[in-house]
Amino acid sequence: LILLGNSKDLLAIKSRKPSAAKKNAFLLGFPDYGGPELVSLPGTKAEVEGISKMLKASGYQVTQIMQKEATEKSLKNVKAPELLHIATHGYFLKDVEGSGNAYGISAENAQDNPLLRSGLMLAGASKTVSGVSQPNLESNDNGILTAYEAMNLNLEGTELIILSACETGLGDVKNGEGVYGLQRAFLVAGADALIMSLWKVDDAATQLLMTNFYTNWIKLRDKQKAFKQAQLQLMAKYK
């Protein structure tokens, strides 16, 4: 079974013409959140470094950014790489009630727009989460990339996005429009396909799953087959 977000995707798959691989990748991971509010993810450092090595060995041009460089601004400047890999914390706020804000956004704005209630945590996000810095919606670099902002990224021609993070796939079902959140945002931005986690995941196991996936993808050049194989390999290790 293959799940499609929309029946329109069937038409797109049928009319798709094979294109030459661009062989360029943008990898972001292990952001320096700048405070104790967000737990550091050392596994993502090893993950990004390992993937970078594998891609370079198979002829990819790789841009790799981590720690203080892993900012919202650097992600917004990305120009449609074949592969975009982001390894960090993701979040989804189910309901925003009463006063306060949804990570730097007023509750009033976030209540009406599910795209303001999910996003990715990047360098410096701790200040926004703790409320120390009070950036507004227009702030280009408050350390949090909301789904609303992700929608405006330049990803037309990006073959694959991987969000290797906690709870990045959760969304809000509204008016029969299906699941909002980051998934839709990245597809609207132009990405062809997405791999994302839907629940809290183990850092080390994720790293292994991703390493297996890339090994298979480089070999097979088929996303679905490569991912299925990586899942089976992981099941063999973790009974």
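For clarity, every value in this text was computed on a predicted model and none was experimentally measured.

(A) View of the overall build of the protein. Helix and strand counts for the protein stand at 9 helices and 8 strands. Looking at the protein alone, contacts between residues at least 24 apart form 75% of all its contacts between residues at least 6 apart. Carbon and sulfur atoms provide 54% of the accessible area of the protein, an area that totals close to 12,600 Å².

(B) Quick peek at the nonpolar core. One finds Leu-27, Leu-55, Leu-83, Leu-160, Phe-213, Tyr-214 and Trp-217 to be the most contacted residues of the largest nonpolar core, which totals 24 residues. In terms of residue count, the dominant contributor to this core is helix H8 (residues 203–220) (5 residues). By size, the runner-up hydrophobic cluster in this structure holds 23 residues, among which are Leu-75, Val-78, Leu-155 and Ala-185.

(C) Spotlight on the sheet that holds strand E5 (residues 118–121). Pairing is antiparallel in the open sheet, where 3 strands are placed in the order E4-E5-E6. Two strands bound the open sheet, and with one partner strand each, they are strand E4 (90–92) and strand E6 (144–146). Each neighbouring strand pair of the sheet contributes to a mean axis angle of 25°, computed without reference to strand direction. Note: E5 against E6, 3 bridges, orientation antiparallel. By the bridge assignment for E6, Gly-119 is matched with Thr-146.

(D) Structural detail: the sheet that holds strand E2 (residues 61–67). Reading across the sheet, the 5 strands line up as E2-E1-E3-E7-E8 and stay open at both edges, with parallel pairing between neighbours. Among the strands making up the open sheet, the edge pair consists of E2 and strand E8 (194–196). Adjacent strand axes in the sheet meet at a mean angle of 10°, parallel and antiparallel pairs treated alike. With 3 bridges joining them, strand E7 (residues 160–163) and E8 adopt parallel strand pairing. What sits directly across from Ile-162, in E8, is Ile-195. Sitting on the sheet, helix H2 (residues 42–57) is in contact with strand E1 (24–31), E2 and strand E3 (83–87), with an inclination near 165° to E1.

(E) Up close: the confidence of the model for the protein. Looking at the protein, the pLDDT average stands at 80 and 77% of residues meet or exceed 70. Note on residues 96–100: pLDDT under 50 across the span, and 9 contacts to partners over four residues away in sequence or across chains. In this model residues 172–179 is a low-confidence stretch, pLDDT under 50, and it forms 15 contacts with partners more than four residues away in sequence or in other chains.

(F) Layout of the pairing of E7. Side chains Leu-160 and Ile-162 of E7 all project onto a buried face; the interleaved residues Ile-161 and Leu-163 project onto the opposite face, where all are buried too. In this sheet, E7 lies alongside E3 in parallel orientation, the contact comprising 4 bridges. Within the sheet, the bridge partner assigned to Leu-84 lies in E7 and is Ile-161.

Calculation rules
Residues numbered from 1 in each chain as written. Predicted model: local features only at pLDDT ≥ 70, side-chain atom pairs only at ≥ 80, totals over all residues. Heavy atoms only, no water. Helix = DSSP H or I, 4+ residues; strand = E, 2+ residues; numbered from the N terminus. Contact = heavy atoms within 4.5 Å. Areas by Shrake-Rupley, 256 points an atom, 1.4 Å probe, with all protein chains shown as cover. Core = buried A, V, L, I, M, F, W, Y, C linked by side-chain atoms within 4.5 Å. Buried < 20%, exposed > 50% of the residue type's maximum accessible area, 1.4 Å probe, protein only. Pairing = 2+ DSSP bridges. Axes fitted to C-alpha atoms, helices over the stretch in contact; angles between N-to-C directions. pLDDT = per-residue confidence, 0-100.

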